[in-house]
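Okay, here's what each chain looks like letter by letter:
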Amino acid sequence: MHIVYIHQYYCNPGMAGGIRSYEQARRLVERGHTVDVITTDITGAPGGAGWRQTEDDGVRVHWFSVPYNNSMSYARRIRAFAQFMVVATTKAASLKADLVFATSTPLTVAVPGVLASKLRRVPFVFEVRDLWPEVPIKMGALRNPVLRGVAGALANFAYRNAKEVVALSPGMAAGVVARRPSTRTTVIPNAADLAMFDVAPEDVQAFRNKHEWLRERPLIVYTGALGAVNGVEYLVRAAQRMRELDPEIRVLIVGHGKEWEPTKALAAELGLLDDTVRMWEKVPKAELPVILGAATMSTSFVRPIRALWDNSANKFFDALAAGRPIAINYGGWQADLIDETGAGLVLDPTDTDDAAEQFVKHCRDESWLAQARVAAHKLAVEQFSRDLLFDRFAEVLDRAAATNNRTAATSTAATNEQTAATNNRAAATSTAATNEQADATNNRAAATSTAATNEQADATNKQSAAMSAAAMSEQADATNNRAAATSAAATSEQTATTNNRAAAMSAAATSEQATATNKQSAATSAAPISKQAATTDNRAAATSAAATSEQVAAAESRS
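Colleague: Which parts of the structure should I look at to understand the overall build of the protein chain?
Modeller: From N to C terminus, the protein chain includes 16 helices and 14 strands. Scored against the burial criterion, the 559 residues of the protein chain give a buried share of 45%. Restricting to contacts in the protein chain with at least 6 residues of sequence separation, those with at least 24 account for 72%. Here the protein chain has roughly 26,800 Å² of accessible surface; of this, 53% comes from carbon and sulfur atoms.

Structural data, given as structure tokens:
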């Protein structure tokens, strides 16, 4: 299958950021599929105008330079979203595809996905990483009623045109279904990359020994975005209280985002920066395993907004993959997992002093740490391993493609049935027309035969009448001649008186004889005439039947 995969912020392990799309795309290639990823080069480096292509483990990656970072204003981000939407639509439309897959955010990636799928007449699958526009509205980032309406319409457009939707959490899936109940939605959260985070103990020890400020001290880490939704200042304020309770505990913040500078400024203001709190700029994903391997506990934070509980942050699953306890300050499905398994801590969403006390207590509790590490690793293996969740992802794509194939087959069958019905109707019409033509031909042949027979019979009758009249005339003449001869002989032998009587008798005899002769002549003439008429009628009927048979045969040959 040829898959066009649209992700505006695609990253590979050599880049800082989540690698979900990389891992899924390369596994699709391993299964024999062809994958084209359409994405952006967010660095905006000079000379990066236009498209460039690279390859990541068999995945063809198409990059277009669209500068973007979390420090941008919302207006500037929206422009970046719109720019990518336009160029990605053009690119996606130029690539062959059996399926188009698009992953948000931003929600605008649905547009090139839907348009390309329509153009190629292939299924579209949409992945929801954050529930838009619900989250921006709840955070107050999307206040304009018109923009809210546009964003809602865009979400409906995406869900309506998607053959399937993948949601990264149960709450996101519920949000999709609330908007579009008929949309088939599958929950596939972010995953734990077990092989990547399997770090040798000596590498972990080397990392600790390398940093004088760390060595054997407890370490609490935060890795990921420092955006408006994260509220990482929560950890800085908790660190202030932790220093009072246990000065040896260290905090390491690794990441980037709009809140980087304010968070750093707060740590400096509280006298924590470069002492209790260390802040590192973002690092490639490949460098995170050793950092988490050195951690006593990992963390994930959001601001106290209910809509943010449905997140599926990579840092949560990275901690599980590393077998490290995870501490969060929000409720929802991840909090439920922690409570059920003991894989970490669920902190108060606003009380940083209480959070500090929890950190201090559990970072020094070796028994609890050991149990939490086992629980975290078990979750990673049994519920969130990358291979396990990829199988579920591949099933969604296969199902969408199979549905499209069944639709095409049904359409073909319907077309074939329609064609067959049309052909049958045409055949029936042709047969009816042929039969009508044959009937018309037979009727014309019969009429022609009848007319010919009648004409022949009339001619025969006229001929018989003429022959009869001629024969009667000749016979009458012959009788008259004989009577005249006899009368002449008698007249010479008898007297004038006798001649008179003989003439009278002769006339009478002649009259009777003529009558008898005429009857005999008419009878004699009628017999041959009847025979001749019968013979003529038989020949005409035979001729008519032969002509009709030939005409019907010819008509059937044409049909």
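Colleague: Mind showing me how you'd approach the nonpolar core here?
Modeller: Buried together is how nonpolar side chains tend to be arranged in soluble globular proteins. Counting 105 residues, the largest nonpolar core has Ile 6, Phe 126, Tyr 159, Leu 320 and Phe 384 as the members making the most contacts within it. Top contributing element to this core by residue count: helix H15 (residues 386-493), with 8 residues. Those residues in contact with Phe 126 that lie beyond four places of it in its chain are Ala 102, Ser 104, Leu 107, Val 109, Ala 110, Ala 158, Tyr 159, Ala 162, Glu 164, Val 165 and Val 166. Core analysis: the next-biggest nonpolar cluster, separate from the first, contains 33 residues, Leu 266, Leu 347, Phe 359 and Cys 363 among them.

Colleague: Whenever I open this one, the sheet that holds strand E7 (residues 164-167) confuses me. Can you help?
Modeller: The strands making up a sheet are joined through hydrogen bonds of the backbone, oriented either antiparallel or parallel. Within the open sheet, the 8 strands sit side by side as E3-E4-E2-E1-E5-E6-E7-E8. Their pairing is mixed. A single partner strand is all that each edge strand has here, and the edge strands are strand E3 (51-56) and strand E8 (185-187). Across this sheet, the average inter-strand angle for adjacent strands is 20°, counted without regard to direction. As paired elements, strand E1 (residues 2-7) and strand E2 (residues 34-41) share 5 bridges and run parallel to each other. Residue pairing across strands places Val 4 opposite Asp 36, the latter belonging to E2. Against the sheet, helix H2 (residues 74-94) engages E1, E2, E3 and strand E4 (59-65), with an angle of about 155° to E2. Packing of helix H6 (residues 170-179) onto the sheet brings it into contact with strand E6 (124-128), E7 and E8, and relative to E8 it is tilted by some 170°.

Colleague: Just checking my understanding: could you explain the side chain of Lys 285 for this structure?
Modeller: For Lys 285, the position within the fold is in the loop between strand E11 (277-281) and helix H10 (288-294). Looking at Lys 285, its side chain comes within polar contact range of the side chain of Asp 318, at 2.7 Å. In this structure Lys 285 touches Pro 13, Met 15, Ala 16, Gly 17, Ile 19, Met 196, Phe 197, Asn 314 and Asp 318, once residues within four positions along its chain are discounted.

Colleague: Teacher, can you tell me more about the sheet that holds strand E9 (residues 219-225) here?
Modeller: Taken together, the 6 strands give an open sheet; going across it, the order is E11-E10-E9-E12-E13-E14, and neighbouring strands pair in parallel fashion. Because the sheet does not close on itself, it has two edges, and the strands there are E11 and strand E14 (344-346). In this sheet, adjacent strand axes meet at a mean angle of 20° when their direction is disregarded. Strands E9, strand E10 (250-256), E11 and strand E12 (297-300) of the sheet are contacted by helix H8 (residues 233-245), whose axis makes an angle of about 170° with E10. Where helix H9 (residues 260-269) meets the sheet, it contacts E10 and E11, and its direction lies at approximately 155° from that of E11.

Colleague: Explain the pattern of salt bridges here, please?
Modeller: As a working rule, side chains carrying opposite charge can pair if their charged atoms are close by. Under the defined criterion, the tally for this structure stands at 19 salt bridges. Note that Arg 20 is salt-bridged to Glu 127, the shortest N-O span being 3.0 Å. With Arg 20 in helix H1 (residues 20-30) and Glu 127 in strand E6, this residue pair connects regions lying 107 residues apart in the sequence. Assessed through its relative accessible area of 0%, Glu 127 is described here as buried. Of the charged contacts in the structure, one is a salt bridge between Arg 27 and Asp 387, with a shortest N-O distance of 2.9 Å. With Arg 27 in helix H1 and Asp 387 in helix H15, this pair connects stretches of sequence that are 360 residues apart. With a relative accessible area of 11%, Arg 27 lands in the buried category. Within the structure, one salt-bridge network assembled from shared partners comprises Glu 23, Arg 26, Arg 27, Glu 30 and Asp 387.

Criteria and cut-off values
- Residues numbered from 1 in each chain as written.
- Predicted model: local features only at pLDDT ≥ 70, side-chain atom pairs only at ≥ 80, totals over all residues.
- Heavy atoms only, no water.
- Helix = DSSP H or I, 4+ residues; strand = E, 2+ residues; numbered from the N terminus.
- Buried < 20%, exposed > 50% of the residue type's maximum accessible area, 1.4 Å probe, protein only.
- Contact = heavy atoms within 4.5 Å.
- Areas by Shrake-Rupley, 256 points an atom, 1.4 Å probe, with all protein chains shown as cover.
- Core = buried A, V, L, I, M, F, W, Y, C linked by side-chain atoms within 4.5 Å.
- Pairing = 2+ DSSP bridges.
- Axes fitted to C-alpha atoms, helices over the stretch in contact; angles between N-to-C directions.
- Polar contact = N/O pair within 3.5 Å; in protein donor to acceptor, adjacent residues only side chain to side chain.
- Salt bridge = Lys/Arg side-chain N within 4 Å of Asp/Glu carboxyl O.

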